Each structure stands twice: as C-alpha cells, then as structure tokens.
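Observations on the model geometry
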Protein chains: 2
Amino acid sequence: MTDAQDRSSNTVANACERCSVRHRAMCAAVDFDHLGALEQIVSHRQFAPGQSIFDESEPADYVYNVSNGDVRLYKLLADGRRQITGFLRPGDFLGLVKQDTYAYGAEAIDAVELCCMRIVDLERLLREMPAVRDRLLDMSRDELAAAQEQMLLLGRKSAREKVLSFLLLRARHDLDLDEAESAALDLPMSRSDIADYLGLTIETVSRTFTSLKEEGLIDLPSAQHVVLPNIEAVEAAASAD
Amino acid sequence: MTDAQDRSSNTVANACERCSVRHRAMCAAVDFDHLGALEQIVSHRQFAPGQSIFDESEPADYVYNVSNGDVRLYKLLADGRRQITGFLRPGDFLGLVKQDTYAYGAEAIDAVELCCMRIVDLERLLREMPAVRDRLLDMSRDELAAAQEQMLLLGRKSAREKVLSFLLLRARHDLDLDEAESAALDLPMSRSDIADYLGLTIETVSRTFTSLKEEGLIDLPSAQHVVLPNIEAVEAAASAD
DNA sequence: GGCCCGCGTTGACGCAAATCAACGCTCGGC
DNA sequence: GCCGAGCGTTGATTTGCGTCAACGCGGGCC
C-alpha cells in the first residue's frame, strides 16, 4: 500500500488492530476477523486543548471513541451556568443519543484524538455484529450507574466529601482494581472544570484542596498533580465525615 | 384453561397482549406473535405503599417492569442521607445492571404491581429477539439523558428552579407532548421524597411551594395536588430566574 | 366521635458555601 | 528578560438553604 492510498482512505493500515485502547472501547466486541470491516468505517480527528467537539442540541451525525486525551461533557443553562456531566478518557465513548441531536456538549481538555464513525455506519455494524450491541448496552449501563453515583454526590455530599470522592474516583480509575496504598494523580482539567463537575465554585474547590493538604490527606506538588499518600485514610474521610 | 392451571403458571391468559403499558415498556419490541413466549417467562408481584422492592447491593436475579403504581429509586450514604435518583411509573423498567448486584434500591411509593422476569430468562429472550435489545439500548440512552439533566439540576439550579423544573417534568410526562396551557398534577410521593430527589430539605420544598403559590404560579388544592394554571409562565420562571 | 400520629407548614436562627475582591505565580509572546 | 494574561489561591463578607423548633391538620383506628 502506498502513502497516497493511506491518505485517501483516511486510515492507517491495521490501525484498529494496533489500537491501544481497543480492549477498553466499544470495539472490544469486534472479533479479530472483522477488524477490517471496522477500519472501513472509522476516521480520525484531532482536537486542540479547549476546542469544541460538538455542541448540545447540534444534529448528531457521528459517534466517537476517545483514542487519546481527555474530554469533558457538559450541559449549560441559559445564563451560562455549566454542569460537567463527565470526564472521558481513552477508550470512552461519546455521542450516542436516541434522538437526532446530542444531549450534551463535548470539548477537548488537552490534545485529543478521536476515532469517528457515522451513526448510520454504526447502525449497520450493529446489525452485522450483535455482540457490539451488547457491548454498547453494557457500557450504557455502566455510564448510568456512574451518573446515579454522581447524583448522590451532587445532591447529598458536602464540598469536602465531593472533592474526596472525586479524587478517589480518579485514583480507582488509574489503579484499575489495584490495591495500591498510595496514588499519584494527574488532573488535566482546570479548577473551573472540577468545580463545574462537583457543583461547587472554583474558590471552594481551591480552599478544600488547601485544607486537605494541611490535614496531610493529600499532597499538591503542583495544581494539576495530587498525591494520595494513604488511600485508605482518604476513603475513610470520604465516607465518614 | 382451569383456575388451577392459571394459578400454577402464575400468569393470566393473554396478560401481555392485554397489558395496558406494553407499548410504553420494553415489551413494545416484542412482536405480536411472540407475546406467548414473553408470557412464559414473566410473573407478577404486588407491593404495598412503602414496601421495599430490592435494596442496593442486593444480588440481582430479576428485572422488573412497572405495570401499576409509582416507584422510587434511591441511593444512600452510610449516615442515612438519601438521594432519590428517579421516580418510575407504569411502563418503566428497573433492575438491569451489568454486575450481579443492583446499583440502587427501589421502593413502592403507592400500591405497585410489577411484571418480573429472571435475568437469565431475559438474556435468552434478548438472544432470540434482537429488537428487544435495541429497545433496551434506547431506553437506557433515554435514562442516561434524564440522569444528565438531573445532574444539571442538582449541581447548578437554585431551590426555586429545582422545584419548577420538577413540576414541569411531571407536567410534560402527563401531557405527553401535548401543548396544553395548564396542567393538574398528582404527586403520589411525599415532600421528603421530593426533597431527596431535588437535593433539598423538606422545609425548603414546602417553603418553595408556598411562595410559588403566593406568586400565583401554582395552585395547591391539597399537598399532593398541584395545578399549573399557566405552563408557559412556569417555563419562563424555571429557565429565566 | 375523639384521639393520636405522621406529614406538611411556618418561624427563628445558624452555617456552609457563594460572592466579591485582591494578589501571586506561571507561562507564553515579543 | 520583561511584560501581560490567565489561572489558582487567599481573605472578607453575604446569603440561600439547612437546622432546630413549634404547631396545624387530616386520616386511620379504637
């Protein structure tokens, strides 16, 4: 295959096969023999930090898998108040909605690379590979469980509990079931993003970080790096309090 | 068919065919010819007001469709704080989770009748009728969109906006796309349920109802009956404010 | 029919988090 | 290397909603 052919198809040969997040993504349900069919219908797009991927209520033509970087999903009120409904990472899925418009906006937090698929192509894929539909249903149920946990946080937790829960959520994701005692977290999103995710203001988030640091529950080598020297202590503080 | 046979099979002949909420439920995706197969695997259970249907973290064997009455879904914190994540009505679905335990608790608000199905039987049904899987995926996406809207409410709206949004949500559901100018709502749940759904206290909910009444935005013939004489005015108040 | 008991309402007060404001640090551009 | 803008932190003050408390009402039960 020549470079020209590569470019015209807008894919890299065997890209899906070599995709580092395939096992975590929707595509995990596509068996090895059908990866070629998958590659036929996907394309890739890059987004700069802060760039919009799509807006809420925009007509939905594509669904996306995050292959690199971090994405925020959000909803807005008329006066500009914002609620971030989720942070996505490589392997996560966005854009599937029942109606023909997106139910939320999406923006790149840092440099993002997405794997894109027309919804009509996805639907054809689903018809040909029922296992992918199972996978999507499973992923949706997981998202829903996470959303319910977030409702509990937003409706019933104090600022301190919200921040601790957020840090634990990040730590658990990074460690992925591991039973580590400590964790070093990278927070690519701004304080403003964290505040809008937790239903707080940036000032309250900042003050809470500071007071957790003073208590020794966390360490803050920089604004985007948080160290949890004792995860168990953080867990105790997050639920007890 | 004799009464004895009726009882032994725990179903009523043609119950699914005559089910008044079938077109709204998961079962809408089961075509007429296969209703018999559906009936083979469903049973019915009754619940008294306040009775628990299942607890959070309980092993999940069954999924349910609400055929009559109102159900609340909730999550608890260790100290008893509660967040209601949704109110269900006839036609709604509950209990499907990826892992083998429920992600939330469920209780009957008033007299409830559920249509029950073993998860293993549901899975077999899904294999035989792919359309049901599509329907479940659609319903999950709808639930997810509702959950995101609720996150916006919980994280970013004032008490007044929360109550107004709640009333509008109920009104829209009752009218079902209708363009009525006014609405009379029945609220089967208690003030405490409403408070735990909106992330408020019962006192704040009560005070907000009272002040909306004084403004003439709503009428309160009784605690469980709310009249919206001018839906547009309520919509304006819910988003502007 | 009278008496509770639970639910809803109302009032007084307190507090956690929001708001308003100022300042420092870091990083990118010239 | 300097400068400015954006982000994060910190401090002072306000406020919306929670907490604590009392009371009214309606419905079920004896």
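Data block above holds the structure.
Nothing here was measured: the structure is a model prediction, and the numbers come from that model.

Rules and cut-offs
Counting starts from 1 at the beginning of each chain's written sequence and moves along it residue by residue. The order in which chains are written sets their letters, starting at A; the order in which ligands are written sets their numbers, starting at 1. Since the coordinates come from a predicted model, pLDDT governs what is reported: local features require at least 70, and pairs of side-chain atoms require 80 or more to be given and counted, while whole-chain, interface and lining totals use all residues. Hydrogens and water are ignored here; the side-chain numbers use all heavy atoms of the structure. Only strands joined by at least two bridges in the DSSP assignment are considered to pair. Secondary structure is summarised from DSSP: a helix means a run of H or I of at least four residues, a strand means a run of E of at least two, and numbering begins at the N terminus for each. Note on definitions: a residue-residue contact is assigned when non-hydrogen atoms from the two residues lie within 4.5 Å. Defined here as a combined quantity, buried area equals the accessible surface (1.4 Å probe) lost by two parts on assembly, summed across both. The salt bridge definition used is simple: a Lys or Arg side-chain nitrogen within 4 Å of an Asp or Glu carboxyl oxygen. Polar contacts here mean pairs of N or O atoms no more than 3.5 Å apart (in protein, one a potential hydrogen donor and the other a potential acceptor; neighbouring residues in sequence count only if both atoms are side-chain atoms). Under the scheme applied, nonpolar residues are Ala, Val, Leu, Ile, Met, Phe, Trp, Tyr, Cys and Pro; charged residues are Asp, Glu, Lys and Arg; polar residues are all the others, including Gly. When a residue's accessible area, from a 1.4 Å probe over protein chains only, is under 20% of the maximum for its type it is buried; when over 50% it is exposed; and in between it is partly exposed. Here, proximity means that at least one heavy atom of the residue falls within 4 Å of the molecule or strand. Here the copies are superposed with least squares, the fitted atoms being C-alpha atoms of residues at a pLDDT of at least 70 in both. Pairs were defined over the aromatic rings of Phe, Tyr and Trp, the Trp ring being its six-membered one, requiring ring centres within 6.5 Å. Orientation was assigned from the angle between planes: stacked under 30 degrees, edge-to-face over 60, tilted for the rest. Lines fitted to C-alpha atoms define the axes here, with helix axes fitted over just the stretch in contact, and angles between the N-to-C directions of these axes take values from 0 to 180 degrees.

1. Digging into the pairing of strand S10 (residues 219–222) of chain A
Residues and elements named next belong to chain A. Examined bridge by bridge, S10 and strand S11 (residues 225–228) share two bridges and lie antiparallel to one another. Looking at the pairing, Ser222 lines up with His225 of S11. From the end of S10 to the start of S11, which pair antiparallel, there are two residues.

2. Points about unusual backbone geometry
For Ser57 of chain A, which is not a glycine, the phi torsion comes out positive at approximately 75 degrees. Among the secondary structure elements, Ser57 of chain A is positioned in the loop between strand S2 (52–54) and strand S3 (62–68).

3. Some details on the interface of chain A and chain B
Chain A puts 40 residues into the contact, and the matching count from chain B is 40 residues. Of all residues in chain A, the largest losses of buried area upon contact with chain B belong to Arg141, Met151 and Arg156 of chain A, amounting jointly to 20% of the total for that side. At the boundary of chain A with chain B, the tally comes to ten salt bridges. Linking Glu161 of chain B and Arg81 of chain A is a salt bridge whose minimum nitrogen-to-oxygen distance equals 2.7 Å. Seen at the junction of chain A and chain B, the total is 19 residue pairs in polar contact (both at pLDDT 80 or more). Among the elements of the structure, strand S4 (71–76), strand S5 (82–88), helix H4 (130–156) and helix H6 (191–198) of chain A are those that each provide at least two residues to the side of chain A that touches chain B. Per element, the largest residue contribution to the side of chain A that touches chain B is 20 residues, and it comes from H4 of chain A. For the side of chain A that touches chain B, a count of residues per class yields 15 nonpolar, nine polar and 16 charged.

4. Overview of H6 of chain A
Along H6 of chain A, six of the eight residues are buried, which leaves the element largely enclosed by surrounding structure. As for H6 of chain A, its buried residues are in contact with S4, S5, H4, helix H5 (159–175) and helix H7 (202–215) of chain A together with helix H4 (130–156) of chain B.

5. Re the protein's contact with DNA strand C
Taken together, 14 residues surround DNA strand C, and among them Ala159, Thr204 and Arg207 of chain A together with Arg207 and Thr210 of chain B come closest. Taking the atoms of DNA strand C that fall within 4 Å of the protein, sugar and phosphate contribute 61% of them. Between DNA strand C and Arg191 of chain B there is a distance of 2.9 Å, counted from a phosphate oxygen to a side-chain nitrogen or oxygen. Broken down by secondary-structure element, the contributors of at least two residues to the surface near DNA strand C are H7 of chain A together with helix H7 (202–215) of chain B. Of all the elements, H7 of chain B adds the most residues to the surface near DNA strand C, at four residues. Residue composition of the surface near DNA strand C, by class: two nonpolar, seven polar and five charged.

6. Focus: the protein's contact with DNA strand D
Taken together, the neighbourhood of DNA strand D is formed by 14 residues, with Arg207 and Thr210 of chain A together with Ala159, Thr204 and Arg207 of chain B sitting nearest. When atoms of DNA strand D within 4 Å of the protein are split into backbone and base, the sugar-phosphate part holds 62%. In the model, a phosphate oxygen of DNA strand D is placed 2.8 Å from a nitrogen or oxygen of the Arg191 of chain A side chain. Contact distances for DNA strand D include 3.1 Å between a phosphate oxygen and a side-chain N or O atom of Thr201 of chain B.

7. As for the relation of the copies chain A and chain B
Two chain copies here: they are related by a rotation about an axis and a translation along the same axis. Its rotation angle being 180 degrees, the transformation that places chain A on chain B also includes 0.0 Å of axial translation and leaves an RMSD of 0.0 Å. Expressed as a symmetry operation, the mapping of one chain copy onto the other fits a two-fold axis. Mapped onto chain B, 100% of the interface residues of chain A again fall at the interface, so both copies present the same surface.

8. Here's the deal with the packing of aromatic side chains
Residue and element names in this part refer to chain A. With the rule as written, the count across this model stands at 14 aromatic pairs over all chains. Measuring from ring centre to ring centre gives 3.7 Å for Phe54 and Tyr102, while their planes differ by 15 degrees; the resulting arrangement is stacked. Of the two residues, Phe54 sits in strand S2 while Tyr102 sits in the loop between strand S6 (93–94) and strand S7 (105–108), which places them 48 residues apart along the sequence. As far as burial versus exposure is concerned, Phe54 and Tyr102 are alike and both buried. Linked through ring pairs, Phe54, Tyr62, Tyr64, Tyr102 and Tyr104 together constitute an aromatic cluster.

9. What about the sheet that holds strand S9 (residues 183–186) of chain A?
Residue and element names in this part refer to chain A. Strand order across the open sheet formed by three strands is S9-S11-S10, with antiparallel pairing between neighbours. Only two strands of the sheet have a single partner each, and these edge strands are S9 and S10. The mean angle between the axes of side-by-side strands here comes to 25 degrees, regardless of whether they run parallel or antiparallel. Pairing analysis gives four bridges linking S9 to S11, with the strands arranged antiparallel. Within S11, the residue paired with Ala184 across the bridge is Val227.

10. Some thoughts on the sheet that holds strand S9 (residues 183–186) of chain B
Strand pairing in a sheet relies on backbone hydrogen bonds, with the paired strands running either antiparallel or parallel. Residues and elements named next belong to chain B. Strand order in the open sheet formed by three strands is S9-S11-S10, and the pairing between neighbours is antiparallel. Bordering the open sheet on either side are S9 and strand S10 (219–222), each of which pairs with just one other strand. On average, adjacent strands in this sheet sit at an angle of 25 degrees to one another, irrespective of strand direction.

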